[in-house]
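Structural description and commentary
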Amino acid sequence: MKSSIASKLEQLVLRLGELTRLLSSEDVARDMDNYRKLTREHSEITPVVELYQSFKQAEEDAQTAQGMLSDPQMKSFAEVEIREAKERMAAIEVDLQKLLLPKDPNDERNTFLEIRAGTGGDESALFAGDLFRMYTRFAERNRWQVEVISESASEVGGFKEVIAKIIGQGVYSKLKFESGGHRVQRVPATETQGRIHTSACTVAVMPEADEINDVVINPAEIRIDTFRASGAGGQHINKTDSAVRITHLPTGIVVECQDGRSQHKNKAQAMSVLMARIKDKQVREQAATQAATRKSLIGSGDRSERIRTYNFPQGRVTDHRINLTLYKIQSIMDGDMDEVTGALAAEHQAEQLAALGEDAAAQV
């Protein structure tokens, strides 16, 4: 085990002892926020320390067996013990490295999903509708809640644009690699000669911003306009200026919300989306800076980047970032996305492990 990793693990052993002492004190529950913070940290560190202790036990077993090699009667037994102990150490070290990987603080957050039709006209709008259905079905499988924030329906079906908030446990961790260009190849229903058309949509996945800590918006830097909602919506929606448009002047980001009848609710929803977009912009700018030194295996999530192709005639879905092709397009479009999202997460973890090894080597 590299000395830098061993040193970090020894620090965690000391920290766990300190947390145990703090949590056993009589007045620890007086500050419930701090108590929850300490409990969460204790539960996160405990499995790492326990695994490290297993590593040290295997290391000790190997050293004990090493001392038996000089005894002719014990030599064969000792060699087996040493080999098995080293195999355990190697396996445990891999698991420890995974546990030491930096956690994305946004993984457990609710998420805003934005889908926009791109090239391809009506077929692109229909594909945007198909993608939204795919993500909605995936949310249902994970028991997440989907709230439509804003939608612009196409005349032929589907959406020119749809924005939804997805609420649930681990939403962002599973959807964060979905941002980018999605391409579809199929014969449109309106095509009389059976020709395959190619259309595209863009998907943006953004974690919900923490209203207090993540994004600070100066009221002087936003412009709020109210207007009457367009499209079908009953008598009430056409009589009041309930729709809200918020423009963030420094970035030029514009958010509209007109789904709710309440102007107050629409403003609150629009502000949530605005903060998520600003946070997403900040994160992408930071990622672009980091990519100058190490290009991400998963990709930057650039909106213009083509990340996936859905080929209906061949029944396949291909993710171009990791060269993954699955011949199960119907089940994927019906929300069976675990194999895709799992493969992307695994590749990202592999990249993190490689980076961890590089950093450890640089410190030696």
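So, here's what we can say about the structure. (Residues numbered from 1 in each chain as written. Predicted model: local features only at pLDDT ≥ 70, side-chain atom pairs only at ≥ 80, totals over all residues. Heavy atoms only, no water.)

Focus: the environment of Arg-245
With respect to the element layout, Arg-245 can be found in strand E7 (residues 243-248). Note on Arg-245: relative accessible area 26%, which makes it partly exposed. Remark: the alpha-carbon pair of Arg-245 and Cys-257, spanning 12 residues in sequence, is separated by 6.5 Å. Leave out the neighbours within four places in its chain, and Arg-245 touches Arg-223, Ile-224, Asp-225, Phe-227, Val-254, Val-255 and Glu-256. Among the polar contacts made by the side chain of Arg-245, one reaches the side chain of Glu-256 at a distance of 2.8 Å. (Helix = DSSP H or I, 4+ residues; strand = E, 2+ residues; numbered from the N terminus. Buried < 20%, exposed > 50% of the residue type's maximum accessible area, 1.4 Å probe, protein only. Contact = heavy atoms within 4.5 Å. Polar contact = N/O pair within 3.5 Å; in protein donor to acceptor, adjacent residues only side chain to side chain.)

Quick notes on the packing of aromatic side chains
To describe a pair of aromatic rings, you give the distance between the ring centres and the angle between the ring planes. All chains considered together, the criterion is met by three aromatic pairs. When the centroid spacing of 5.4 Å and the interplanar angle of 65° are considered together, the rings of Phe-127 and Tyr-310 count as edge-to-face. Linking Phe-127 in helix H4 (residues 122-141) with Tyr-310 in strand E9 (residues 306-311), this pair joins segments that are 183 residues apart in sequence. Residues Phe-127 and Tyr-310 agree in their burial class; the two are buried. A centroid spacing of 5.6 Å and a plane angle of 90° characterise the contact between Phe-138 and Trp-144, whose relative ring orientation is edge-to-face. An identical accessibility class is assigned to Phe-138 and Trp-144; each is buried. Taking NZ or CZ as reference, Arg-245 lies 4.5 Å from the ring centre of Phe-227, over its face. (Phe/Tyr/Trp six-rings, centres within 6.5 Å; stacked < 30°, edge-to-face > 60°. Lys NZ or Arg CZ within 6 Å of the ring centre and 35° of its normal.)

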